[in-house]
Amino acid sequence: MLSQNLPVGKLKHDFLKELLPTSNSSTGVVVGPQLGEDAAVIELGDNYLVATSDPITFATEDIGWYVVCVNSNDIAAMGAVPKWLLVTLLLPEDATTPAMVRDIMEQLTQACAEFGIALCGGHTEVTPAVTQPVVIGQMMGITHKDALFTSADTCVGDALILTKGLGIEATAIIARECEEQLREKCDARFLEQAKNYLVDPGISVLKDAQITVAAGGVHAMHDVTEGGVTTATYELAIAAELGVVVYLDKLLGSPILYSDTTRTLCDMFGLNPLGVISSGAMLIASAPEKSDAICQALGEAGINADIIGEFLPSEHGLWLKDATGTQQPLPIFETDEIAKLFSSNND
């Protein structure tokens, strides 16, 4: 019997769960590999060392900036301060110039300086194993033991808050990777605005996390990456062994969480905005009596945020509810919607 090839994107959740080892607390690992947790947590004296690893595979432009933001987001979502970054840079044979490498390294050093992170090591290599630059980050941070947040800490009745909105990273990627195609359909101002989503509203959630924690009442935070907002919500609920209801009108019907720019690009390429890569957005599980204060604090800092759902006992299941009250199962995108764009480009 022939084995079926796996699709592009993250491994399916059920398959990945089969592969993950059981954590051994005697090794000092407090949070090991598991669905819904953004990073590993290791005991380090009075503190915790928080560590993560993420590659940049969809984008080719500004990948140095992407890798710093995406990895630091995982650290921040656990309540830690990102401190140290190691990078593995794999470069394509017959397509790598000294100028390209200098540009990527400049992006890395500038992003690290922006966020107060030390670039402290890694590996660079030109190899026939890749056809475009691939950058892989390994980042570590520190938090005090009483300041750690994990997805498993989400509680029944918690409000589900989303910051910034749907498809921020997807908007920047589409505008940058499909620029030539878009120039035929969009004016220059629109295209530049979409490309600039990398920094405005930006794909970093460091500020989101800091403001949220300072406001109080937060139980858990989760970075939104591949698979989009509903997949990230699923991961958060599964980690906490809870049910959840997400309000569809608070997402697709909200101009602050689903911008006209992102809507235009998703419609143009036939992508479901609920399932596109969305670094820059963060999910927050908060005590319901503190949720409005958290949204207000974020808003005062210029960060859009709104309550998009509620966590329920596990037996209630995982649901997406529209404005009429009709419910459908929460969609899970195990292959990110943006993969359709790259598959069509390769046909």
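Residues numbered from 1 in each chain as written. Predicted model: local features only at pLDDT ≥ 70, side-chain atom pairs only at ≥ 80, totals over all residues. Heavy atoms only, no water.

Draft legend 1. Quick look at the overall build of the protein chain. For the protein chain, the count of helices and strands is 12 helices and 13 strands. Dimensions of the protein chain, computed from the C-alpha atoms along their principal axes, are close to 55 × 55 × 50 Å. Of all 347 residues assigned to the protein chain, the portion counted as buried reaches 50%. In the structure as shown, the protein chain presents an accessible area of about 15,700 Å², 52% of it carried by carbon and sulfur atoms. (Helix = DSSP H or I, 4+ residues; strand = E, 2+ residues; numbered from the N terminus. Buried < 20%, exposed > 50% of the residue type's maximum accessible area, 1.4 Å probe, protein only. Areas by Shrake-Rupley, 256 points an atom, 1.4 Å probe, with all protein chains shown as cover.)

Draft legend 2. Spotlight on the side chain of Asp 208. Within the secondary structure layout, Asp 208 lies in helix 7 (residues 206-215). Every residue in contact with Asp 208, bar those within four places of it in the chain, is listed here: Thr 163, Lys 164, Gly 280, Met 282, Leu 298 and Ile 303. (Contact = heavy atoms within 4.5 Å.)

Draft legend 3. Layout of the nonpolar core. Within the largest apolar cluster, 82 residues are counted, with the highest numbers of intra-cluster contacts made by Leu 162, Leu 283 and Ile 308. In this view, Ile 308 contacts Leu 160, Leu 162, Val 229, Val 245, Val 246, Tyr 247, Lys 250, Leu 251, Leu 257 and Leu 283; residues no more than four positions away in its chain are not counted. Counting 20 residues, the second-largest nonpolar core is a separate cluster that includes Ala 159, Ala 209, Ile 294 and Ile 307. (Core = buried A, V, L, I, M, F, W, Y, C linked by side-chain atoms within 4.5 Å.)

Draft legend 4. Seen up close, the pattern of salt bridges. As enumerated under the stated definition, the model contains 10 salt bridges in all. One salt bridge in this structure joins Glu 179 and Lys 195, with 3.3 Å as the shortest N-O distance. With Glu 179 in helix 5 (residues 179-183) and Lys 195 in helix 6 (residues 188-195), this pair connects stretches of sequence that are 16 residues apart. Owing to a relative accessible area of 18%, Glu 179 belongs among the buried residues under this scheme. As a salt-bridge pair, Asp 306 and Lys 250 come within 3.7 Å of each other at their nearest N and O atoms. Taken as a pair, Asp 306 in strand 11 (residues 305-312) and Lys 250 in helix 9 (residues 248-252) lie far apart in primary sequence, 56 residues in all. Counted as one network, the salt bridges with shared partners bring together Glu 179, Arg 183, Glu 192 and Lys 195. (Salt bridge = Lys/Arg side-chain N within 4 Å of Asp/Glu carboxyl O.)

Draft legend 5. Highlighting the sheet that holds strand 6 (residues 134-144). As summarised here, the arrangement of the six strands in space is 1-2-3-6-4-5, forming an open sheet in which the pairing is mixed. Only two strands of the sheet have a single neighbouring strand rather than two, namely strand 1 (29-31) and strand 5 (118-127). Adjacent strand axes in the sheet meet at a mean angle of 20°, parallel and antiparallel pairs treated alike. (Pairing = 2+ DSSP bridges. Axes fitted to C-alpha atoms, helices over the stretch in contact; angles between N-to-C directions.)

Draft legend 6. How the structure looks around the pairing of strand 11. When you tally the buried positions in strand 11, you get six out of eight residues, the bulk of the element. Bridging between strand 7 (residues 159-163) and strand 11 involves five bridges; their strand directions are antiparallel. Opposite Thr 163, over in strand 11, you have Ala 305 as the bridge partner.

Draft legend 7. Region of interest: empty space enclosed by the protein. For the coordinates displayed, the defined rule picks out one cavity of 30 Å³ or more. Estimated volume of the largest cavity: approximately 60 Å³. In terms of lining, the largest cavity is formed by Lys 10, Leu 11, His 13, Glu 226, Gly 227, Thr 231, Glu 235, Phe 333, Glu 334, Thr 335 and Asp 336. Its residues placed into classes, the lining of the largest cavity shows two nonpolar, four polar and five charged. (1 Å grid on protein atoms, 1.4 Å probe; cavity = no way out; pocket = protein on both sides within 12 Å on 5 of 7 lines; lining within 4 Å. Points joined across faces, edges and corners; volume = space filled by probe spheres on them. Nonpolar A, V, L, I, M, F, W, Y, C, P; charged D, E, K, R; others polar.)

Draft legend 8. Inspection of the layout of surface pockets at higher detail. Size it by volume and the largest pocket reaches roughly 1,100 Å³. Lining the largest pocket are 40 residues, and of these Lys 10, Asp 54, Pro 55, Thr 225 and Glu 226 lie nearest its centre. Put simply, the parts of the chain that give the lining of the largest pocket at least two residues each are helix 1 (13-19), strand 3 (47-56), helix 2 (63-77), strand 8 (218-223) and helix 12 (339-346). A per-element tally of the lining of the largest pocket places strand 3 first, with six residues. Split into classes, the residues belonging to the lining of the largest pocket amount to 16 nonpolar, 15 polar and nine charged.

Draft legend 9. Focus on the packing of helix 2 against helix 3 (residues 98-115). Where helix 2 contacts helix 3, the two axes come as close as 7 Å, and the packing angle between them is 35°. Helix 3 is crossed by helix 2, and the crossing has right-handed handedness. In contact with Ile 63, Gly 64, Trp 65, Val 67, Val 68 and Cys 69 of helix 2, helix 3 contributes Ile 104, Gln 107, Leu 108, Ala 111, Cys 112, Glu 114 and Phe 115. Partitioning the contact of helix 2 with helix 3 into residue classes produces 10 nonpolar, two polar and one charged. (Left-handed = near helix turned anticlockwise from the far one by under 90°.)

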